Amino acid sequence: MSAELATAPGHDAGHDDHGHVSAENNFLGLPNIKLAMWAFLGSECMFFGSLIGTYFFYHGKSLGGPLPTQVFSLTITSISTFLLLMSSMTMALAVDATRLRKLSQARAYILATAVLGATFVGFQIYEFSQFVSEGLKLQTSLFGSTFFVMTGFHGAHVTVGVIWLTMLSMLISNGKLNKDKASVTVEVAGLYWHFVDIVWIVIFTFVYLLEFIK
Amino acid sequence: MSQAHDAASGVTHSHKKHYLRIGAILTVVTAIELALPLLKNYPQIWEPARPLWAPALIILSIAKFGAVVGEFMHLRGDRKIYYFLFISPLMLATTVFVLLSLLSVVMFRPFGAGYAVTAEARLAGYVEPSTGPAFEQPLDDAKFAAAFDGAKGKQFADGKKVFGEKCQACHGAQGGGIANLGLNLTDDCYKYGGSFKELYLTIGKGQAGGKMPAWAGQLKGEEIRQVMYYIKSLKGTNVAGGQPCVGDKVP
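Residues numbered from 1 in each chain as written. Chains lettered and ligands numbered in written order. Predicted model: local features only at pLDDT ≥ 70, side-chain atom pairs only at ≥ 80, totals over all residues. Heavy atoms only, no water.

1. Considering the overall build of chain B
Note the cut-off: For the purposes of this entry, the term helix denotes a DSSP run of H or I that reaches at least four residues, the term strand denotes a run of E that reaches at least two, and both are numbered from the N terminus. Only protein chains enter the accessibility calculation, which uses a 1.4 Å probe; a residue whose area is less than 20% of its type maximum is buried, one above 50% is exposed, and one in between is partly exposed. Whether two residues are in contact is decided by their heavy atoms, any of which lying within 4.5 Å being enough. Here the accessible surface of atoms and residues is derived via Shrake-Rupley with a 1.4 Å probe, and residues count as covered only by protein chains that are part of the display.
What chain B contains, in helices and strands, is 10 helices and two strands. When the helices and strands of chain B are listed from N to C terminus, the series reads α-α-α-α-α-α-α-α-β-α-α-β. With 251 residues in all, chain B has 39% of them scored as buried. In chain B, 65% of the contacts between residues at least 6 apart in sequence involve partners at least 24 apart. If you sum the accessible surface of chain B, you get close to 13300 Å²; carbon and sulfur atoms cover 65% of it.

Dropping the structure here:
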């Protein structure tokens, strides 16, 4: 496996984030931080896979209400879903700008991403408080427990991402971000952010939309 | 393909247009997903294709997933080891998800065919449970009272058995209640009404947003009546260490 990977396919030649062994790059010529992020995201797949799986294991088994269709608001959730999708796009644009060494432009995109993410979290806080006022709490039913744990962990991930992006933009403002390493630094933050987005794509479809299709 | 290749090879031109295009596609797909539930209002379209809607939604979401991972994260065209590191646990997670969903169907079968369906229908607006005559209509307080007076002995023993199985976890072995779980059943206070009929309905339909579960699907009408009598017999016994009075005092 490693031999095949080490003899890199031709199109990788000249890639600006690898090519030699150094403190940042490992023996495959790949940036360690990026490799680590993909491995971490792999483990995150298992993490969220278990949470979503547990939600469906107990789906429809609650002994009491409220039911999902009684509390879900498609309007609210679709707005926040759209915001998160758009934040993924601005993040991709930020990575693109960093690659072209347009750091101030990248900073604007990163900030836009953080603002969209923070808005998403705001929507989630509103949604949770609505659910609680309608009688759905963590301890109310199997639906309440599995739903809040699953979406709560997702919201926590978004929050961590917002903090990360805010710090990145501050680093750029202060000129503390090494221009040579900026490409990988921002790309890795982007990978995390996109992952948080795809988790929501799955939750939105399976947990919310399918409920209204039945 | 060429787009992703360029991204990985550090060519110094912008992919802004490409990302904007992907963003637009994602927006359109999301709009289609949201429009699907609205089709319910058009039964002539909705009904014939009914089995197709859920798979259609799943396929659309997989497409979105693929677009974000492949293009935004440009896993497509990047080094294979990233692909390996991410896709293998993703496959494992998907397998766990599918197996859990299937296991859920198999495991809950002993609770009766259509357990989930009856549980949901029961909550959506009370309906007669399919298992056993749970609610004999009309519920008549006078009849209940007459039966209660003549039923000391066996009825209460049966009710006590049901209480031990279903109720004591929250209401305590003696019925004195447990803080934040179940109310005291041994005082003279009833939060949801203390008549035979009201007690019967509280047990059957549940209360407090399901904190007190609706037992109608799991207990037969006879069992609900027995446990209702047993609970009624606890009134005024005021066991030591019981929870404070909640609700109206019933003489």
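2. A closer look at the packing of helix α4 (residues 74-99) of chain A against helix α7 (residues 179-213) of chain A
Residues and elements named next belong to chain A. Put simply, the rule reads: Lines fitted to the C-alpha atoms define the axes, with helices restricted to the stretch that makes contact. Angles between their N-to-C directions range from 0 to 180 degrees. Our angle categories are set so that under 35 degrees counts as roughly parallel, over 145 as roughly antiparallel, 65 to 115 as roughly perpendicular, and the remainder as oblique. In a left-handed crossing the near helix is turned counterclockwise from the far helix by less than a right angle, and in a right-handed crossing that turn is clockwise. Each residue gets one label: Ala, Val, Leu, Ile, Met, Phe, Trp, Tyr, Cys and Pro are nonpolar, Asp, Glu, Lys and Arg are charged, and the others, such as Gly, are polar.
Interaxial distance between α4 and α7 falls to 9 Å at its minimum, and their mutual angle equals 160 degrees. Compared by their axis directions, α4 and α7 come out roughly antiparallel. Classified by chirality, the crossing of α7 by α4 is left-handed. Across the contact of α4 with α7, the residue classes break down as 18 nonpolar, nine polar and three charged.

3. Some points on the interface of chain A and chain B
Where the parts come together, the accessible area they lose is often given as the size of the interface. As a reminder, the rule being used: In short, buried area is how much 1.4 Å probe accessible area vanishes from two parts on joining, totalled over both. Any Lys or Arg side-chain nitrogen found within 4 Å of a carboxyl oxygen on Asp or Glu counts as a salt bridge. Definition of a polar contact: a pair of N or O atoms within 3.5 Å, with one able to donate and the other able to accept a hydrogen when the atoms are protein atoms, and with sequence-neighbouring residues admitted only if both atoms are side-chain atoms.
Counting from both sides, the interface comprises 67 residues of chain A and, opposite them, 69 residues of chain B. Interface area, chain A with chain B, both sides summed: about 6200 Å², of which 72% is carbon and sulfur. Between the two partners, chain A and chain B, sit one salt bridge. With its nearest N and O atoms 2.8 Å apart, the salt bridge here joins A:K34 to B:D78. Counting every contact that joins chain A to chain B gives nine residue pairs in polar contact (both at pLDDT 80 or more). Looking at the side of chain A that touches chain B, the elements that each hand over two or more residues are α1 (2-6), α2 (32-57), α4 and α7 of chain A. For the side of chain A that touches chain B, the class distribution of residues is 38 nonpolar, 20 polar and nine charged.

4. Focus on the packing of aromatic side chains
Threshold: Stacked, tilted and edge-to-face are the three classes applied to pairs of Phe, Tyr and Trp rings, where Trp contributes its six-membered ring and a pair requires centres within 6.5 Å; stacked means planes under 30 degrees apart, edge-to-face means over 60, and tilted covers the rest. We call a charge positioned above a ring when the Lys NZ or Arg CZ atom is no farther than 6 Å from the ring centre and deviates by at most 35 degrees from the ring normal.
On inspection of all chains with the given rule, the structure shows 31 aromatic pairs over all chains. Taking 6.4 Å as the distance between ring centres and 80 degrees as the angle between the ring planes, the aromatic pair formed by A:F56 and A:F206 counts as edge-to-face. You can see A:F56 sitting in helix α2 and its partner A:F206 sitting in helix α7, a full 150 residues away along the chain. Residue class for A:F56 comes out buried when judged on its relative accessible area of 16%. Seen from their ring centres, A:W164 and A:Y192 are 5.3 Å apart, and the 45 degrees between their planes marks the pair as tilted. On the criterion of sequence distance, the pair formed by A:W164 in helix α6 (residues 142-173) and A:Y192 in helix α7 is long-range, its members being 28 residues apart. Residue A:W164 is classed as partly exposed on the basis of its relative accessible area of 27%. Above the plane of the ring of B:F196 lies B:K232, whose end atom (NZ or CZ) is 4.7 Å from the centre.

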